[in-house]
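One-letter residues, chain by chain:
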Amino acid sequence: MSEMRLVVVGATGRMGRMLIRAVAETEGCRLAGAIGREGSPALGQDAGVLAGLAPLGVSVTADPLPVFAKADGLLDFTSPAATVSFANLAAQARIVHVIGTTGLQDEDFTKLEAAARHARIVQSGNMSLGVNLLAGLVRKVAATLGEDFDIEVLEMHHRMKVDAPSGTALLLGDAAAEGRKVSLKERSVRSRDGHTGARNPGDIGFATLRGGSVVGDHSVIFAGQGERLELSHRAEDRGIFARGAVKAALWGFDKKPGYYTMADVLGLNDL
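Let me sum up the structure you'll find in this document. Owing to the predicted nature of the structure, the values given are computational and were not obtained by experimental measurement. (Residues numbered from 1 in each chain as written. Predicted model: local features only at pLDDT ≥ 70, side-chain atom pairs only at ≥ 80, totals over all residues. Heavy atoms only, no water.)

### With respect to the sheet that holds strand β6 (residues 120–123)
Pairing within the open sheet is parallel, and its 7 strands lie in the order β3-β2-β1-β4-β5-β6-β12. Looking at which strands have only one partner, the edges of the open sheet turn out to be β3 (60–61) and β12 (258–260). Here strand β5 (residues 96–99) runs beside β6; their pairing, made up of 4 bridges, is parallel. Paired with V98 across the two strands is V122, which belongs to β6. Contacting β1 (4–9), β2 (29–35) and β4 (73–76), helix α1 (residues 14–25) runs over the sheet at an angle of about 165° to β1. (Pairing = 2+ DSSP bridges. Helix = DSSP H or I, 4+ residues; strand = E, 2+ residues; numbered from the N terminus. Contact = heavy atoms within 4.5 Å. Axes fitted to C-alpha atoms, helices over the stretch in contact; angles between N-to-C directions.)

And the structure:
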């Protein structure tokens, strides 16, 4: 297999620079493009230098069309609106689109699924191996334990995170709902304040904490009578998300168009 030509969108941001480094450090792929926002002072700079590496011979540009036309895939941790736009371009170019963007809504997923008729989309609320293994375990435990065990998802992130619950928390909530064979939309409780009454059996609760520089802490609590099971993951380095995204892109290189998740990439669907 020839080297996979990857484009990083949102290249000038913190995650974008990490993605550039991950591509440069991974065998089997190379950086083929770096997309920044119109008007960014980083436009025209070498993407490698921007990411703290030696020059890579790839300049940051705001025009994705000619870059996508010569690429095999793109890595995208941007915003929902930008991600939907990039998905349309990925479909036109018939390339791999790895999506780590959080805050996506139902209407965004509908558009991404449409793009997946021609693109190979790999989307996840979290790209790390550990979190996706955790999701598989949550699904299995939720299927095993009945509604006598209450499910609560607890997450904490840095003070600058703009969406809540986190994409990872929702990923874990979805896994719990799948295990219970219920709809997360119908059974999730996102906030509690005032006189709420007793907890409804079968609800999946979420609690959100924000502060400091926390990369990402997630726990799923199964609370029963007289016993409690807690499954947790703590991210200590954002590089785990970048490395996972590159792994997902390489996995999708020879796949047919379709909508995939990290569970497909890691072979965790049987958990």
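Continuing now.
### Observations concerning the pattern of salt bridges
Under the criterion given, the structure shown has 14 salt bridges. As a salt-bridge pair, R199 and E152 come within 2.7 Å of each other at their nearest N and O atoms. Taken as a pair, R199 in the loop between β8 (188–189) and β9 (204–210) and E152 in strand β7 (residues 150–157) lie far apart in primary sequence, 47 residues in all. Through salt bridges that share partners, D150, E152, R192 and R199 make up one connected network. (Salt bridge = Lys/Arg side-chain N within 4 Å of Asp/Glu carboxyl O.)

### Some points on the sheet that holds β9
Within the open sheet, the 5 strands sit side by side as β8-β9-β7-β10-β11. Their pairing is mixed. Two strands lie at the open edges of the sheet, namely β8 and β11 (227–235), each paired on one side alone. Pairing of β7 with β9 involves 7 bridges; the strand directions are parallel. The residue bridging I151 from the neighbouring strand is I204, located in β9. This element, helix α7 (residues 167–180), spans β7, β9 and β10 (216–224) of the sheet and lies at about 170° to β9.

### A short note on α1
Look at α1: 17 Å from first C-alpha to last across 12 residues, which is about the 16 Å you get at 1.5 Å a residue. Taken together, the buried positions of α1 are occupied by M15, G16, M18, L19, I20, A22 and V23. Residues of α1 that are buried make contact with β1, β2, α2 (47–50), β4 and α9 (239–252). (Expected span 1.5 Å × (residues − 1). Buried < 20%, exposed > 50% of the residue type's maximum accessible area, 1.4 Å probe, protein only.)

### Overview of the packing of aromatic side chains
Summed over the entire model, instances satisfying the criterion amount to 2 aromatic pairs. Here F68 and F86 contribute two aromatic rings whose centre-to-centre distance is 6.0 Å and whose plane-to-plane angle is 50°, an arrangement assigned as tilted. Residue F68 is found in helix α3 (residues 64–68), and its partner F86 is found in helix α4 (residues 80–93); the two are separated by 18 residues along the sequence. For the residue pair F68 and F86, the accessibility class agrees, reading buried in each case. Between W251 and Y260, the aromatic rings sit 5.1 Å apart at their centres with planes inclined by 80°, giving edge-to-face as the arrangement. Cation over ring: R190 sits above F206, and NZ or CZ is 5.3 Å from the ring centre. For the cation-ring pair, K255 lies above W251, with the distance from its terminal atom to the ring centre recorded as 4.4 Å. (Phe/Tyr/Trp six-rings, centres within 6.5 Å; stacked < 30°, edge-to-face > 60°. Lys NZ or Arg CZ within 6 Å of the ring centre and 35° of its normal.)

### Describing the nonpolar core
One finds L6, V8, L19, V23, L75 and V98 to be the most contacted residues of the largest nonpolar core, which totals 40 residues. Within the residue set of this core, elements represented by two or more residues are β1, α1, β2, α2, β5, α9 and α10 (262–266). Among residues more than four places away in sequence, those in contact with L19 are V8, L75, F77, A242 and A245. In terms of nonpolar packing, the next biggest core, distinct from the first, is built from 20 residues, V7, L74, F86 and I99 among them. (Core = buried A, V, L, I, M, F, W, Y, C linked by side-chain atoms within 4.5 Å.)

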